[in-house]
Amino acid sequence: MGAGEPLTRAEIDNEPEAKPGEAELLLRTILDNLPVAVCRYDREGTFRFHDGKGLEVSGIKPGEHVGKSFYELYAGAPEAVEAVREAIEGHAAHTVTEAHGINWETWVVPVRHDGEPGAVSITMDATAAGQREQELRNKLELIEKQQRVIRDLSTPIIEVWDKVLTLPMVGVVDSLRISEVMDNLLDAVVNKDARFAILDLTGVDAVDTGTAGYLIEMINAIRLLGAEGIITGIRSNVAQTMIALGLDLSSVTTVSNLRAGLKLCMRRMAAAGEGGAAPAAK
């Protein structure tokens, strides 16, 4: 027979058969050494077999439930009851339920015994696995919170003057970060009833091609909210990126640094007859 070719009927018939009692030996080895519990139920949901090392954690002795109704004993776990009922009706099921203070993961499969329908369940203690999963979930949530804090600290929105917001940006600004910043800044413009929003790029080392376009979009969005966007502190390499992209900055107010930007805001507020008083100290 060539490699990969299926066995013929004659070859299958000549395969060595398991010795009598081999299956029983394997089952007993599993039940005595692995943390599982195996049960068989008749068509009425009555325990006909109940054994396994996994029962130790619940304080139940092997065979203790034999002759008892699964439906009555576990009436408080409707999901488990339904799984056994479905298996007896011919549909396999998989559940994770709580009983005896322990989380159990169970596979229930339909079987027939002496021509009668029934079911077999294989159950293992899933408490430790569930705890590890919850610990991992908690760690991921903590990492996400820390990342949000880092993003907020790296792009703080500060009300430096009455109706004047500033957004000092630091480091490398990519498209994902600038998109989040845009949402936060526009919300702040509305909530603070801001007249000016200064985007200070003094600490920005580099921008990607998408970011430069976002900056223009942000200025336009600020204008739509009735405020004016001002860009300060553009470095030479960032300016070169914008020029290389062919971006039109003719409608954007830019000044050399944040100090100059604040002076420009105060002059325009004074010219408009607005107070421009500094916010009260808190």
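Residues numbered from 1 in each chain as written. Predicted model: local features only at pLDDT ≥ 70, side-chain atom pairs only at ≥ 80, totals over all residues. Heavy atoms only, no water.

A. The environment of R43, seen in detail. Residue placement: R43 occurs in the loop between β1 (36-41) and β2 (47-51). Residues R43 and H113, 70 residues apart in the sequence, show an inter-C-alpha distance of 9.6 Å. Among the polar contacts listed, one links the side chain of R43 to the side chain of E116, at a separation of 2.5 Å. (Helix = DSSP H or I, 4+ residues; strand = E, 2+ residues; numbered from the N terminus. Polar contact = N/O pair within 3.5 Å; in protein donor to acceptor, adjacent residues only side chain to side chain.)

B. Just the nonpolar core, in detail. With 29 residues, the main nonpolar core has M169, L185, V189, L199, V204, M218 and I222 as its most contacted residues. Elements with a contribution of two residues or more to this core: β7 (164-173), α6 (175-191), β8 (196-207), α7 (209-224) and α8 (236-244). One finds Y71, V81, A87 and A93 within the second-largest nonpolar core, a separate group that totals 17 residues. (Core = buried A, V, L, I, M, F, W, Y, C linked by side-chain atoms within 4.5 Å. Buried < 20%, exposed > 50% of the residue type's maximum accessible area, 1.4 Å probe, protein only.)

C. Representation of empty space enclosed by the protein in the model. Under the criterion given, the structure shown has 1 cavity of 30 Å³ or more. Lining the largest cavity are 24 residues, with F70, Y74, W104, T106 and T123 positioned closest to its centre. Of all the secondary structure elements, the ones that give two or more residues to the lining of the largest cavity are β1, β2, α4 (78-88), β3 (93-99), β4 (102-113) and β5 (116-125). (1 Å grid on protein atoms, 1.4 Å probe; cavity = no way out; pocket = protein on both sides within 12 Å on 5 of 7 lines; lining within 4 Å. Points joined across faces, edges and corners; volume = space filled by probe spheres on them.)

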